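# Fold and geometry: a report
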Amino acid sequence: MVAGQGTTPTPAPVLPPRSEVGAVGWARANLFSSWYNSLLTVIASAAVVLGLWFGLNWVVLDAEWGVIETIGGRFIIGGYNTDQACPGNDCFWRPQAALLMTTALLGMLWVVAGGVVGRIAMAVAAAAALCAFLPYSMERMGLDVRLLLLANLPALGVGWALARYTPVGKPRWVLVTGVSVFLLTVVLLRGIPGVWGLQPVPTLYWGGLTLNLLLAVAGIALSLPLGIALALGRRSDLPIVKLLCVAFIEIFRGVPLITLLFASQHLVPLAFPEAFPRNSLFSAGVVITLFSAAYMAENIRGGLQSLHPGQAEAARALGLAGWQTTLLISLPQAIRNVIPTIVGQFISLFKDTSLVYIIGMVDMVEIGRTFILGNPEYRISTKEVFIFIALVFWAFTYGMSYASRRLEQRLGVGTR
Amino acid sequence: MATTPRALTYRGIPVWRHALIIRWVVQIVSALVAVTLVVWFFANIVGAIQERDIPAGFGFLSREYQTPIGEHFIPYESSDTFLYALLVAAINTVVVAILGVILATMLGVLIGVARLSGSWILSRLMLVYIEFFRNVPLLVQLLFWFFIVLTLPPVREGYVFFDRIYVNNAGISMPGPVGSSLASASAWLALAAVSVGLGVLVHRVLTWREDRTGRASYPLAAGITVAVACGAAAWLIVGSVVGEAPLVISSPEPYGRFGRIGGGFTIRAGLLILLIGLVIYTSAFVAEIVRAGIQSVGRGQTEASRALGLSGIDTLRHVTFPQALRVIIPPMISQYLNLTKNSSLGGAVGYTDLTNVAITMTQTAPAVSIFLLIMLAYLAMSLTWSLIGNLYNRHIRIVGG
Amino acid sequence: MNGLMKLVIAATLFLAPMLLIACSRETPEQTSDPAAAEGSRLDAVKARGNVVCASNNGIPGFGFIDENGNHVGFDVDLCRAVAAAVLGDADAIEIVPISATEMGATVQSGDVDLLVRTVTRSSSRDAKWGNFAYTMYYDGQGFLVRKDMNVPSVLDLEGAAVCVTQGTTTELNLQDFSNQYDLGIQAVTFEKTDSAVEAYRNGQCDAFTTDHSGLYAYRSSLPIPDDHIVLPETISEEPLAPAVPHGDEQWYDIVNIVMSMLVYAEAYGISSDNVPTAVTGNSKVDRLFGLEGSFGQETLGISRTAAQDVIRSVGNYAEIYHRSLGDDGIGLPRGDNTRNALWSAAPCSDCPKGGQIYASPLR
């Protein structure tokens, strides 16, 4: 638009031709703007139509979804509530209680972060509550289970109200609550010897999606402090410190996780004294944390590098000491800048937790695979099982990356 | 009461605030902590090794491995040593990594460009592809493809195209070059490599001259001609000295009671599944990188180029892409590194990659030593990728920018 | 380039200690066992209240998870028998499913009380891993092929592609066999046995090889088992036996004698539904069940009537076999003259005699 002089009379508005507006105009601009775009549109449309036709046909008519129903809750908690893991099968409420706490935490986050987090919190609570109405017989899914699932809706409300109307709603307290919920979840799942109703369940039987989520959350949370330390070390001008940090980071980033996991099975029991737990979960936790810390360090280093040097200089000019500058000025900004990256790392760590099958842990993928291969009558439904698992993973990872993108917009990363 | 003024003599910085001393103390303390941790870990390991009588050492490397390796690209017998078997396995990983990187880049660039296509529906379709395949764990995808490839017909009922190409659930077999004898084949391959080197040299010299004098001398054509001519000459020389062609085309053919396919060049099911999985997974990431790279190029660049009369394809090729490359290359290198590391999932679909063979080896050899070796191998691969990335970055650096 | 050099140096520094470790011991030497010093394993088991057995959750017949999610199978029953003898409760067990590659390290570490995971006993494993109790099942590696391929013998497998699980002696035996008879067998290896079977079922391989017991088990899991046959010959000897960690002879003796009890009970016709609680008059039976005399229960540290608990809750050898491996399980034949029948010198006409399953006298 040419900046017009004030004297020029404004011409009467000329409406664009009909072919440029509305549905036709949109189609012309976005589908048939040139001959090759038209060709591509036709080919792509044909692909979509064919894909949908055969896909829906298969989903509705040919696929045997019964296998998903048969595996059912095992996808979520693995062998946790079997006779061997929990004699009497009355441990089901423990993962459920953990879920309730998580929903309440999401409710609190809703207040703190708002927007997309609220929608995700509602979706999680609604999905859990909907599970209460699954058409299982009452013997397979008792009233107690259904009620606990339904309780997720009030739990969300409680969390929301707590954060909204009490001082717990400060981000600091939400963080503290989050850490407590995680620790409580672990204690609840593990059990306490001698306490009625909390009989210990060996980590061997922890499985399914719970295991994937637990490992990913623990990996990210524990790797954050380690990653910060490594990032600072790598940026420091102290040669020995820098060398050590670079070595750690590059070794853990250069070797595949599956190799590290398998090595851990041989090395972790040797490297830790007998007092430490000797189980695959512990080995997996250690390796996933170290692996994640190496990536975390690089992300945080990126965040630190993106800061304008003026920030640190201003802090120094105000008389802050070196460590004060780092802790109070640089790190908070750096971490805020890399939150989307950390979410991305969490997503890829979550996907990577499926590799724990190599050390005999039964995560969600392994549950599906062992079920198919151990129950030959369901071999025909292999595709269904893997598509279901893929969709569950996809729902989680896509949800998280969507939330992170919205969060990025809200935080205004890169715009300040 | 009069207060005595404090003497204003300068006593120097107190020891505990002296920057140099703090630096060294911090360094020494952190080094000590790190060393203590490492020593503690390794002392525990050594102690446990001695206590539990776990074998260690590298003596096993010269022993016979005595175990089959499903896929191998260099000749392998079960009587070969552990060291050689590790080499075979490392080559398996390298082959998958190279093939995967090439294919994933091609597919990824295609999808990334299509994602920005003027056709809304194509762009959406690609968005679905990207968002689906990069958000589902690679292991799930590999297992899915594993079961899909198994649904192909078995070898005796497999598809045969042109009487030469066999497709079945054991893999794809096609005609391929085979050395008629090790000596002649390797002699010719060495000479061919020299010929290619000569061709490159000619190309560079002519390019340099063209840049200096501005006279067209067709460097690419000349280079290729030189390389082909020298290669052909080498072929004739080697052929006449040995008395047979260095390489012959071998066609796959069924043999024996079970109708297995022998001869030619075979991509076995394990490699096929791993490649499909890795390429589709990685291409989704590559596509996103390419899209971001292209979008990072200012709109004005494209508009200027269109104003100069360049077509859409030419704009992409000569204006957008070269500039986008600077943004694309660093994340791309890290994707290549990821692909290399992800190839360690080969074991899940029946491909004998480095990790897979190493895991098998721990049955009959000291685990600690084997992990050390394969860690070094993976580190070497990742260093190679970083090196390539660094070199390329230097190559495309904006001169005088 | 400077950064790269630094990285190389750093990596070397980091890896150097590992290198030292790896080189530190070329020849293993005998060392004292930690368990022995800390008190007997029997006391530890009693204090803990359960027997920890390393087993499997994916081998039909031997160790697998039934539709209720419980560990069952031949191996699991052997573990239950030990728990019944020591603690009086066959359910006081914890099953640690491990893969074939972990067997050695697991039993060496002493973290488990018993390894019952279709383990083949061999001299080097006996020396390195732990002590092997009586052989409870005689197995051997064989081949499963499609009936319509008309393969009469293993020697007709020339040029076949054979699916095999990696990380086991199976792979090694297959290679040896192929080399010995110059058969040019093409091994297609898989990380998991399940995947190997799946590949065989879909015709990616012409044959599937593992131990005979496994072949019958997997055959029964195929859609039409009768389309497949197990070739009669075996190419290896695989005596399967439970193993215990080195260093505690009392525990080793207990496991051995519990295995004997199972066989003994079968030989004397005692099954879970006719366990004697009062003196029967047959002195051998009475001694076994702690009704008269002793076979050494006091020295072993188990209750006098341990055998009653074992047989009542787990059954005798025949019952265990029948339940998991026989007709109620995976359909492994146990004819009178197969190796897994009882061997007996008893002067009766209907006693089985031809097998190799045998218990040393309890007295």
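Residues numbered from 1 in each chain as written. Chains lettered and ligands numbered in written order. Predicted model: local features only at pLDDT ≥ 70, side-chain atom pairs only at ≥ 80, totals over all residues. Heavy atoms only, no water.

### Structural notes on helix H7 (residues 169–180) of chain C
Given a rise of 1.5 Å per residue, twelve residues ought to cover 16 Å, and the 16 Å separating the end C-alpha atoms of H7 of chain C matches this to within 8%. Regarding H7 of chain C, the residues found buried are Thr170, Glu171, Asn173, Leu174, Gln175, Phe177 and Ser178 of chain C. The inward-facing, buried residues of H7 of chain C abut helix H10 (354–361) of chain B together with strand S9 (141–146), strand S10 (161–165), strand S11 (186–190), strand S12 (207–211) and strand S14 (238–240) of chain C. Phi turns positive, to about 55°, at Asp182 of chain C, one or two residues after H7 of chain C. (Helix = DSSP H or I, 4+ residues; strand = E, 2+ residues; numbered from the N terminus. Expected span 1.5 Å × (residues − 1). Buried < 20%, exposed > 50% of the residue type's maximum accessible area, 1.4 Å probe, protein only. Contact = heavy atoms within 4.5 Å.)

### As for the sheet that holds strand S4 (residues 71–72) of chain C
Residue and element names in this part refer to chain C. Within the open sheet, the three strands sit side by side as S2-S3-S4. Their pairing is antiparallel. In this open sheet, the two edge strands, each paired with only one partner strand, are strand S2 (58–59) and S4. Of the pairings in the sheet, the one linking S2 to strand S3 (residues 63–65) comprises two bridges and is antiparallel in character. From the neighbouring strand, Gly58 faces S3, where its bridge partner is Phe64. (Pairing = 2+ DSSP bridges.)

### A short note on the sheet that holds strand S2 (residues 165–168) of chain B
Each strand in a sheet pairs with its neighbour through backbone hydrogen bonds, running either in the same direction (parallel) or in the opposite one (antiparallel). Residue and element names in this part refer to chain B. On the basis of which strands lie adjacent, the open sheet formed by four strands has the order S1-S2-S3-S8 and antiparallel pairing. The sheet is open, and its two edges are formed by strand S1 (159–161) and strand S8 (265–268), each paired on a single side. Neighbour-to-neighbour, the strand axes of this sheet turn through a mean angle of 10°, independent of strand direction. Two elements, S1 and S2, share three bridges in a ladder whose sense is antiparallel. From the neighbouring strand, Val160 faces S2, where its bridge partner is Tyr166. (Axes fitted to C-alpha atoms, helices over the stretch in contact; angles between N-to-C directions.)

### Quick notes on the domain arrangement of chain C
All names here are of chain C. The domains assigned to chain C are domain 1 (33–139 + 237–363) and domain 2 (141–236). Between domain 1 and domain 2, the C-alpha centre-to-centre distance is 30 Å. Listed by partner, the interface residues are 14 residues for domain 1 and 14 residues for domain 2. The contact between domain 1 and domain 2 buries some 1100 Å² in all, and 55% of this surface belongs to carbon and sulfur atoms. On the domain 1 side of the interface with domain 2, the three residues burying the most area are Asp139, Glu238 and Ile330, jointly 41% of the side's total. Our enumeration of links across domain 1 and domain 2 arrives at zero salt bridges. (Domains from an automatic or database assignment. Buried area = accessible area lost by both parts, 1.4 Å probe. Salt bridge = Lys/Arg side-chain N within 4 Å of Asp/Glu carboxyl O.)

### Points about helix H2 (residues 35–62) of chain A
The first and last C-alpha atoms of H2 of chain A sit 39 Å apart over 28 residues, in line with the 40 Å expected at 1.5 Å per residue. Buried within H2 of chain A are the following residues: Asn37, Ser38, Thr41 and Ala44 of chain A. At its buried positions, H2 of chain A is contacted by helix H3 (120–133) of chain B.

### Structural notes on the state of the cysteines
Residue and element names in this part refer to chain C. Per the counting criterion, the structure on display carries two disulfides over all chains. The disulfide bridge from Cys53 ends at Cys79, spanning 2.0 Å between sulfur atoms. Residues Cys53 and Cys79 share a disulfide whose torsion about the S-S bond is about 90°; that sign makes it right-handed. Here Cys53, found in strand S1 (residues 51–55), pairs with Cys79, found in helix H4 (residues 74–87); they are 26 residues apart in sequence, far enough to count as distant. The class of Cys79 is buried, set by a relative accessible area of 0%. A sulfur-sulfur distance of 1.8 Å marks the disulfide that ties Cys163 to Cys205. On the sign convention where negative means left-handed, the S-S torsion of about 70° between Cys163 and Cys205 marks this disulfide as right-handed. (Disulfide = S-S within 2.5 Å.)

### Describing the domain arrangement of chain A
Residue and element names in this part refer to chain A. When cut into domains, chain A gives domain 1 (82–201) and domain 2 (204–416). Buried area between domain 1 and domain 2, summed over both chains or domains, comes out near 1100 Å², and the portion from carbon and sulfur atoms is 76%. Taken together, the connections running from domain 1 to domain 2 amount to zero salt bridges. Where domain 1 packs against domain 2, one counts one residue pair in polar contact (both at pLDDT 80 or more). Going through the elements one at a time, helix H6 (116–131) and helix H9 (171–190) are the ones with two or more residues in the side of domain 1 that touches domain 2. When grouped by side-chain class, the residues that make up the side of domain 1 that touches domain 2 number eight nonpolar, three polar and two charged. (Polar contact = N/O pair within 3.5 Å; in protein donor to acceptor, adjacent residues only side chain to side chain. Nonpolar A, V, L, I, M, F, W, Y, C, P; charged D, E, K, R; others polar.)

### Section: the side chain of Gln141 of chain B
All names here are of chain B. Of note, Gln141 is situated in helix H4 (residues 138–150). On the basis of relative accessibility, which here comes to 5%, the residue Gln141 falls in the buried class. In this structure, Gln141 is in contact with Phe133, Val136, Gly277, Ile280 and Tyr281, ignoring residues within four places of it in sequence.

### Observations concerning the interface of chain A and chain B
Accessible area lost on assembly of the parts is the figure often given for the size of an interface. Contact residues are listed per partner, giving 62 residues for chain A and 53 residues for chain B. Taking both partners together, chain A and chain B bury about 4800 Å²; carbon and sulfur atoms supply 74% of that area. Interface area lost by chain A to chain B is led by Leu270, Lys351 and Phe386 of chain A, which between them contribute 13%. Here chain A is connected to chain B by one salt bridge. When the shortest N-O distance is used, the salt bridge between Glu131 of chain B and Arg405 of chain A registers 3.9 Å. At the junction of chain A with chain B, the criterion picks out eight residue pairs in polar contact (both at pLDDT 80 or more). Contributions of two or more residues to the side of chain A that touches chain B are made by helix H1 (22–30), H2, helix H11 (239–254), helix H12 (257–271), helix H13 (280–306), helix H15 (322–352), helix H16 (364–374) and helix H17 (382–411) of chain A.

### Quick word on the packing of aromatic side chains
Residues and elements named next belong to chain C. Evaluated as defined, the whole model comprises 36 aromatic pairs over all chains. Pairing Tyr317 with Tyr321 gives two aromatic rings, centres 6.3 Å apart and planes at 40°, and the pair type is tilted. Of the two residues, Tyr317 and Tyr321 both sit in helix H14 (residues 317–324), four residues apart, roughly one turn of that helix. This pair shows no difference in class: Tyr317 is buried, exactly as Tyr321 is. (Phe/Tyr/Trp six-rings, centres within 6.5 Å; stacked < 30°, edge-to-face > 60°.)

### With respect to the environment of Val158 of chain A
In this fold, Val158 of chain A is placed in helix H8 (residues 152–165). For the pair Val158 of chain A and Leu50 of chain A, spaced 108 residues apart in sequence, the C-alpha to C-alpha distance is 47 Å.

### Section: the pattern of salt bridges
Evaluation of the coordinates by the stated rule reveals 22 salt bridges over all chains. We note a salt bridge from Arg234 of chain A to Glu250 of chain A, for which the minimum N-O separation is 3.3 Å. Highlighted residues: Arg234 of chain A in helix H10 (residues 208–235) and Glu250 of chain A in helix H11, separated in sequence by 16 residues. Using a relative accessible area of 16% as the deciding quantity, one classes Glu250 of chain A as buried. Residue Arg260 of chain B pairs with Asp206 of chain C through a salt bridge whose shortest N-O separation is 2.8 Å. Of the two residues, Arg260 of chain B is situated in strand S7 (residues 260–262) and Asp206 of chain C in the loop between helix H8 (193–201) and S12; the pairing between them involves two chains. Taken as a pair, Arg260 of chain B and Asp206 of chain C share a single burial class, namely buried. Through salt bridges with shared partners, one network takes in Arg234, Glu250, Glu298 and Arg301 of chain A.

### Overview of empty space enclosed by the protein
All names here are of chain C. Counting across every chain of the model gives three cavities of 30 Å³ or more. Its volume calculated, the largest cavity comes out at about 70 Å³. Surrounding the largest cavity, 13 residues form its lining, Asp75, Thr118, Leu240, Ala241 and Pro242 being those nearest its centre. The element best represented in the lining of the largest cavity is H4, accounting for three residues. Looking at the lining of the largest cavity residue by residue, the classes come out as ten nonpolar, one polar and two charged. (1 Å grid on protein atoms, 1.4 Å probe; cavity = no way out; pocket = protein on both sides within 12 Å on 5 of 7 lines; lining within 4 Å. Points joined across faces, edges and corners; volume = space filled by probe spheres on them.)

### Structural notes on the packing of H2 of chain A against H3 of chain B
Packed helices, taken two at a time, are described by the angle their axes make and the gap between the axes. The N-to-C vectors of H2 of chain A and H3 of chain B enclose an angle of 45°; their axes lie 7 Å apart at closest approach. In terms of orientation, H2 of chain A lies oblique with respect to H3 of chain B. Relative to H3 of chain B, the crossing made by H2 of chain A is left-handed. Contacts between H2 of chain A and H3 of chain B involve Leu40, Thr41, Ala44, Ser45, Ala47 and Val48 of chain A from the former and Ile121, Leu122 and Leu125 of chain B from the latter. Residue composition of the contact of H2 of chain A with H3 of chain B, grouped by class: seven nonpolar, two polar and no charged. (Parallel < 35°, antiparallel > 145°, perpendicular 65-115°, else oblique. Left-handed = near helix turned anticlockwise from the far one by under 90°.)

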